[in-house]
Amino acid sequence: MFRRPDFRAASRRAVRTPATRLITSLVVALALLAGSAAAFLVLAPADPPSKPYDLAKDAPVLIVLGQSNAEGWTVPLTDADRAKCQSLDNVKGLSRADHRTVGATAATWSRYTCAGNNLGLEHGTEPKVGYNHHVASVTALRWQRAVEAGAKLPDLNVIHIAWGSQGVLETEVGGNNRWWPDRDPTDIESLFPLAMNTIGNGLRALQEDGKRPRIIGIHWNQWEAEAKNAGTTVDGLKQAFLKVLNPLRTITGDTGAPIFLYRPRSVGYDKAATLRTKQALEEIAVDPPYKLLDTRDATALTFSADHTTSQAGAYLYTLRSSTEQQIEDTAWDAAPPQNNFGIFTDTKHYTTDVHTWLADQQWKTVFADGKHGAPVRATSNAALSKSATQSSTYTTPATATPPAVAHPAGLAADGDRSAGTTSFSATSSEPQPWWQVDLGATKQIRSVELFDRTDGDAERLANLYVMVSPTDLTGRTVTGIEADPTVRTVRVTGTVPTKLTLPVGADGRYVRVQLAGTGSLTLAEVQVNVPATPDR
């Protein structure tokens, strides 16, 4: 949990050094932001380096994922901030038009405009759809104004994927399970594979441009859907969240960048389920890089009309002498559902002040706590030229053109993605055919990319499994593998496009591709992405 701001810091007399000149420029920039200048001044960087970044090389990256509060639903930007969003020359993003697609092979960074940059679902009233007040937009505006005020900062790069009401469980109420990791990755509305593919492509694009991506923060603003789900245990929720968060750490290089979790707080959902969700996130947040942001600590909070107003207090309730559990029980039991306690615009969505406070914590982490983001390592293909096997090997008939050509497993690990008429692996038509590669040692696998044939029969690569295991899977059945907790299994129920990136985020030595039904398994190439060495 973050400390409350030191309100005495603003009155200290500073020595004019290069470092303090940067501080001054950032303070000026903060004062330009909408809202209370005083609130921003006390959150100004205390003692950042004079050059936290290499302007020519470094590429700070902010990632914001989650539900409606990650989208800033019901909290629009002011007209001034909305206008400013059209001139963010020093903030880059990924547009919906170019990046909300299955199996994207690349990413193109362009000017961030607040609207059209959420790859989930944007809400609002025309012409303000997507112009919402949340961590991504507030930090983008703050970054741009800091640069304009003289701060020497490289361009900020923002990846934002949020969709209201969506959760991580297959059984989410109403089927709102778009963040469930095992949703079909060929469905555009499966947010987890979309996020993993987008993040991987975005980081790689920066690296290919000669930049050094540095994750400054990952925000997982997610808990509302799970707070509706009355039938899930604390441990079940914890494991469901980690099934998203662990691959997220891997795909971003596990640099130690802070992953911000949000403490559940609402009278709008099932109380017992909300408390279980809170406990699950608290248990995850015990260890770095996870940090739990408690919105009760947000400044400028007020109580609802039915409670005592307290502008000075930074906590949601005045019962701080009681235990936290007693506070929750007393306040929730006594309060009618319409009370928002000054933290929600209704009973579910954060106020502008709370969203601003969340952005303050992100800003403070970078410029006061000095966590400018460790460089993300590039990836390399660990499957290239490694030993590959398959359940059988198809050979074209002697009467075919060309005749008697074999398609061994190694052709899917030879670096040739073109397929053509010969450069692909193929099995005979049989029940649940498989292809497997031995990486030679256990690797931290960020993702697996499947390249389909482009010369015909593309429909064959469909309805399949991708499995990552620490041990050889030869001789094992799909049922047995799926029941093995040491194996990371990703199911694809649709047809694979020309290329499909499957987020894995797991350690393993053996990677298997296997059809769920009967047919011939053909693969132009299988690429297994692992951190490259040495660091780039």
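Please read all numbers here as calculations on a predicted model, not as lab measurements. (Residues numbered from 1 in each chain as written. Predicted model: local features only at pLDDT ≥ 70, side-chain atom pairs only at ≥ 80, totals over all residues. Heavy atoms only, no water.)

Asker: Help me get a handle on the state of the cysteines, residues and values and all.
Answerer: Scanning all chains against the criterion turns up one disulfide. Linked covalently through their sulfurs, Cys85 and Cys114 form a disulfide whose S-S length is 1.9 Å. Here the disulfide of Cys85 and Cys114 is left-handed, its torsion about the S-S bond being about -60°. With Cys85 in the loop between α4 (79–84) and β2 (91–93) and Cys114 in the loop between β3 (110–111) and α6 (135–148), this residue pair connects regions lying 29 residues apart in the sequence. (Disulfide = S-S within 2.5 Å. Helix = DSSP H or I, 4+ residues; strand = E, 2+ residues; numbered from the N terminus.)

Asker: Please give an account of the sheet that holds strand β1 (residues 58–66) that cites residues and values.
Answerer: Each strand in a sheet pairs with its neighbour through backbone hydrogen bonds, running either in the same direction (parallel) or in the opposite one (antiparallel). The strand order across the open sheet formed by seven strands is β3-β2-β4-β1-β5-β6-β7, and the pairing between neighbours is mixed. Strands with a single pairing partner mark the edges of an open sheet, and in this sheet they are β3 and β7 (290–293). Sheet analysis places strand β5 (residues 212–221) next to strand β6 (residues 259–262), joined by three bridges and oriented parallel. The residue of β6 that forms the bridge with His219 is Phe260. Where helix α11 (residues 352–367) meets the sheet, its contacts fall on β1, β5, β6 and β7, and the angle it forms with β5 comes to roughly 150°. (Pairing = 2+ DSSP bridges. Contact = heavy atoms within 4.5 Å. Axes fitted to C-alpha atoms, helices over the stretch in contact; angles between N-to-C directions.)

Asker: Tell me about the confidence of the model for the protein chain, and name the residues and values.
Answerer: Predicted confidence across the protein chain gives a mean pLDDT of 81, with 81% of residues reaching 70 or more. Contacts from residues 1–50, a stretch scored under 50 in pLDDT, to residues over four places away or in other chains number 78 contacts. Long-range and interchain partners of residues 332–340, a stretch whose pLDDT sits below 50, account for 20 contacts in this model, where long-range means more than four residues apart. (pLDDT = per-residue confidence, 0-100.)

Asker: Explain the packing of α6 against α11 to me, using residue names and the numbers behind them.
Answerer: At their nearest, the axes of α6 and α11 sit 9 Å apart, and the two run at 50° to each other. Of the possible angle classes, the one that applies to α6 and α11 is oblique. Crossing of α6 against α11: the hand is right-handed. Of the residues in α11, those touching α6 at Val135, Val138, Thr139, Arg142, Trp143 and Ala146 are Thr356, Leu358, Ala359, Asp360, Gln362, Trp363 and Phe367. (Parallel < 35°, antiparallel > 145°, perpendicular 65-115°, else oblique. Left-handed = near helix turned anticlockwise from the far one by under 90°.)

Asker: A description of α6 should follow, citing residues and the corresponding values.
Answerer: In this model, α6 (14 residues) spans 20 Å end to end at C-alpha, consistent with the 20 Å of a helix rising 1.5 Å per residue. Extensive coverage of α6 is indicated by the burial of 13 of its 14 residues. Two residues or fewer after α6 comes Gly150, characterised by a positive phi angle close to 115°. (Expected span 1.5 Å × (residues − 1). Buried < 20%, exposed > 50% of the residue type's maximum accessible area, 1.4 Å probe, protein only.)

Asker: Describe in detail the pairing of β1, supporting the description with residues and values.
Answerer: Of all nine residues in β1, nine are buried; the element is thus mostly enclosed. Of the two faces of β1, the one lined by Asp58, Pro60, Leu62, Val64 and Gly66 and the one lined by Ala59, Val61, Ile63 and Leu65 are each fully buried. Bridge count for β1 against β5 is nine bridges, and the pairing is parallel. Looking at the pairing, Asp58 lines up with Arg212 of β5. Sheet analysis places β1 next to strand β4 (residues 156–162), joined by six bridges and oriented parallel. If you follow Leu65 over to β4, its bridge partner there is Ile161.

Asker: Help me get a handle on empty space enclosed by the protein, residues and values and all.
Answerer: All chains considered together, the criterion is met by seven cavities of 30 Å³ or more. For the largest cavity, the lining is made up of 16 residues, of which Gly200, Arg204, Ile251, Thr379 and Arg446 are closest to its centre. Put simply, the parts of the chain that give the lining of the largest cavity at least two residues each are α7 (191–208) and β12 (434–451). No other element matches α7, which puts seven residues into the lining of the largest cavity. (1 Å grid on protein atoms, 1.4 Å probe; cavity = no way out; pocket = protein on both sides within 12 Å on 5 of 7 lines; lining within 4 Å. Points joined across faces, edges and corners; volume = space filled by probe spheres on them.)

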